[in-house]
Structures are given as C-alpha cells and as structure tokens.
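Understanding the architecture of this molecule
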Amino acid sequence: MNRILFPIFSTYVSAPGLAHGLTHMTAASLGEIAACTIRVPTEVIKQRVQASKYHSSLAALKSVLSNHTGEGVFRGLYRGYSTTILREIPFTMIQFPLYEALKRWTARRAGRKSANAAEGAICGSIAGGAAAASTTPLDVLKTRIMLSEKRVSVRHLVREIVRDEGFQAFYKGVGPRTMWISAGGAVFLGVYEAAKNLVTGVVA
C-alpha cells in the first residue's frame, strides 16, 4: 500500500518527510477500516462477557442474533462501528508516523540506514503509548456505546458523561490502556523489524 500511495502524495507534496507521513497515515487508516469489519463484532461480544452481562461468549452472541433489543442483528453486531473507526484512525495516524519518525531519528543517530529490532521495539512502545493515551476518550465512548442496553448517539453520550461524571471520565483506564498497548507495540513492532531485517538482509 505504501508503494502505491507514496508516488501519489509525492506528486502533490514537495517535502519527502511530509509525503512519507501522509503515506503512512493513509495506509494505516485504510487498513484499520478494513480490520474493523472483523474486529467490531468480536469486540461487542467480548466486552459484554467481560462486563458480566453474559456468562459466556456464546450466550452473548445468541442474544445479539435473537435481536432482543429490536435494533436488528447486523446493527447489533456492528454497534459502535463508527466510534471504533473514530478511535482507530486517529490512533494509527499518531502511532505509525511517530514510529517511522522515531526509527529514522534513531538510525541517523547511530549512523545506520535502519533501526535494529531492539530499537524498533522501543520506538514501537513509545509510539503505541502516545497514541493510546491520546485516544483514550474515544475508547471510552466506543466501549460505553457497545455496552449500552440500547442504541445511543455519540453526542448524547458525551453530554451524559460530562453532566454526570465530568471531563475526567473520558480518561478512565488511561493507565492500563497505555501500558498494554505500549507493551504490545514493543513486541509487535520489534518482531516486525527483526523479520524485515532478516528478509532484506539488513544488519543493524
């Protein structure tokens, strides 16, 4: 995807750094939109079980399929899809450009063309943590919409949270969310860098 998008952005953007950033943001956003078609139904089921609304994933799935809320099976399975997209796109637009920028900076300081696996892991952890903390309010909205007994609009939910709990409620869970995504970013992107360097024969 990057190989397709970069020449397009390079045509209209003279600065290579900006063109690279726009390429990474766009590619990551398109990937997240596609991934959410599978992720959202599983998130709906998982979160309802974790919130102890149902004793098992199968029971939660049967409840959605039985359409007991009257919203329709499809809308039930994809409840919170738009807010998930609203969360994931800013997340990837922060994480991946920041990750790539940190890698380039690290490699330049070391006098190399690319970062090694350990450096990739550190950069991935920093980028993932920054993106996670920044998008926590969107994650709170997404979670509450998925767990709501009935469909509710984002605007109504925002007003309700501000009125009943205050603005600080939008950052509930920011610590655990930042920590686990930082750890995940270190593992995922560190392994990615190791595999990429192995395949391309780069020794860093």
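Everything below is about the structure printed above this text.
Here's what I pulled together on the structure shown here. What you are looking at is a predicted structure, and each value in this text was computed from that prediction instead of being measured.

Things to note about the packing of aromatic side chains
Applying the stated rule across the entire model yields 3 aromatic pairs. Judged by centre distance (5.9 Å) and plane angle (70°), the ring pair of Tyr-78 and Tyr-81 falls under edge-to-face. Here Phe-167 and Phe-170 contribute two aromatic rings whose centre-to-centre distance is 6.5 Å and whose plane-to-plane angle is 40°, an arrangement assigned as tilted. Three or more aromatic residues link up through ring pairs in this structure, and these residues are Phe-74, Tyr-78 and Tyr-81.

Details of helix α7 (residues 136–147)
In a regular helix each residue adds 1.5 Å, so 12 residues correspond to 16 Å; α7 covers 17 Å between its end C-alpha atoms and thus fits that length. The inward-facing, buried residues of α7 contact α2 (16–50), α5 (81–110), α6 (117–134), α8 (154–164) and α9 (174–200).

Focus: the nonpolar core
If you look at the biggest cluster of nonpolar residues, it comprises 6 residues: Leu-141, Ile-145, Leu-157, Ile-161, Ala-169 and Phe-170. Mapped onto this core, the elements with two or more residues apiece are α7 and α8. Once residues lying within four places of it in the same chain are set aside, the contact partners of Phe-170 are Thr-136, Pro-137, Val-140, Leu-141, Val-158, Ile-161 and Val-162.

Some details on the side chain of Arg-79
Looking at where Arg-79 falls in the secondary structure, it is placed in the loop between α4 (73–77) and α5. With a relative accessible area of 1%, Arg-79 lands in the buried category. When neighbours within four sequence positions are excluded, Arg-79 is seen to be in contact with Val-40, Val-44, Arg-48, Thr-69, Glu-71, Ile-145, Met-146, Ser-148, Glu-149, Lys-150 and Arg-151.

As for a nonpolar patch on the surface
A surface patch of nonpolar side chains, amounting to about 310 Å² of accessible area, comprises Leu-58, Leu-61, Leu-65 and Val-73. Counting residues per element, the nonpolar patch draws most heavily on helix α3 (residues 57–65), which supplies 3 residues. Within the secondary structure, Leu-61 is located in helix α3.

Digging into the pattern of salt bridges
Per the stated rule, a full pass over the model turns up 17 salt bridges. Among the ionic pairs, Glu-100 bridges to Lys-103, the shortest N-O distance being 3.5 Å. With Glu-100 and Lys-103 both in helix α5, this residue pair falls 3 residues apart, about one helical turn. The exposure class of Lys-103 is buried, given its relative accessible area of 7%.

Remarks on α9
If you check α9, its first and last C-alpha atoms are 37 Å apart, about what 27 residues at 1.5 Å a residue would give, namely 39 Å. Residues of α9 that are buried make contact with α5, α6 and α7.

Some thoughts on the environment of Thr-84
The residue Thr-84 is located in helix α5 in this model. Assessed through its relative accessible area of 2%, Thr-84 is described here as buried. Expressed as a C-alpha distance, the spacing of Thr-84 and Lys-142, which sit 58 residues apart in the sequence, is 5.9 Å. Once residues within four sequence positions are removed from consideration, Thr-84 is found in contact with Cys-36, Val-40, Lys-142 and Met-146.

Topic: the packing of α2 against α7
The description of two packed helices rests on the angle between their axes and on the distance between the axes. With their axes 9 Å apart at the nearest point, α2 and α7 run at an angle of 75° to one another. With respect to each other, α2 and α7 are oriented roughly perpendicular. Contacts from Val-40, Glu-43, Val-44, Gln-47 and Arg-48 in α2 reach Lys-142, Thr-143, Met-146 and Leu-147 in α7. Along the lines of polarity and charge, the residues of the contact of α2 with α7 split into 4 nonpolar, 2 polar and 3 charged.

As for the environment of Ser-153
Its location among the elements puts Ser-153 in the loop between α7 and α8. Classification of Ser-153 as partly exposed rests on a relative accessible area of 41%. A polar contact of 3.1 Å, which involves the side chain of Ser-153, links it to the backbone nitrogen of His-156.

The rules we used
- Residues numbered from 1 in each chain as written.
- Predicted model: local features only at pLDDT ≥ 70, side-chain atom pairs only at ≥ 80, totals over all residues.
- Heavy atoms only, no water.
- Phe/Tyr/Trp six-rings, centres within 6.5 Å; stacked < 30°, edge-to-face > 60°.
- Helix = DSSP H or I, 4+ residues; strand = E, 2+ residues; numbered from the N terminus.
- Expected span 1.5 Å × (residues − 1).
- Contact = heavy atoms within 4.5 Å.
- Core = buried A, V, L, I, M, F, W, Y, C linked by side-chain atoms within 4.5 Å.
- Buried < 20%, exposed > 50% of the residue type's maximum accessible area, 1.4 Å probe, protein only.
- Patch = residues over 30% accessible without salt bridge, like charges linked within 9 Å, V, L, I, M, F, W, Y side chains within 5 Å.
- Areas by Shrake-Rupley, 256 points an atom, 1.4 Å probe, with all protein chains shown as cover.
- Salt bridge = Lys/Arg side-chain N within 4 Å of Asp/Glu carboxyl O.
- Axes fitted to C-alpha atoms, helices over the stretch in contact; angles between N-to-C directions.
- Parallel < 35°, antiparallel > 145°, perpendicular 65-115°, else oblique.
- Nonpolar A, V, L, I, M, F, W, Y, C, P; charged D, E, K, R; others polar.
- Polar contact = N/O pair within 3.5 Å; in protein donor to acceptor, adjacent residues only side chain to side chain.

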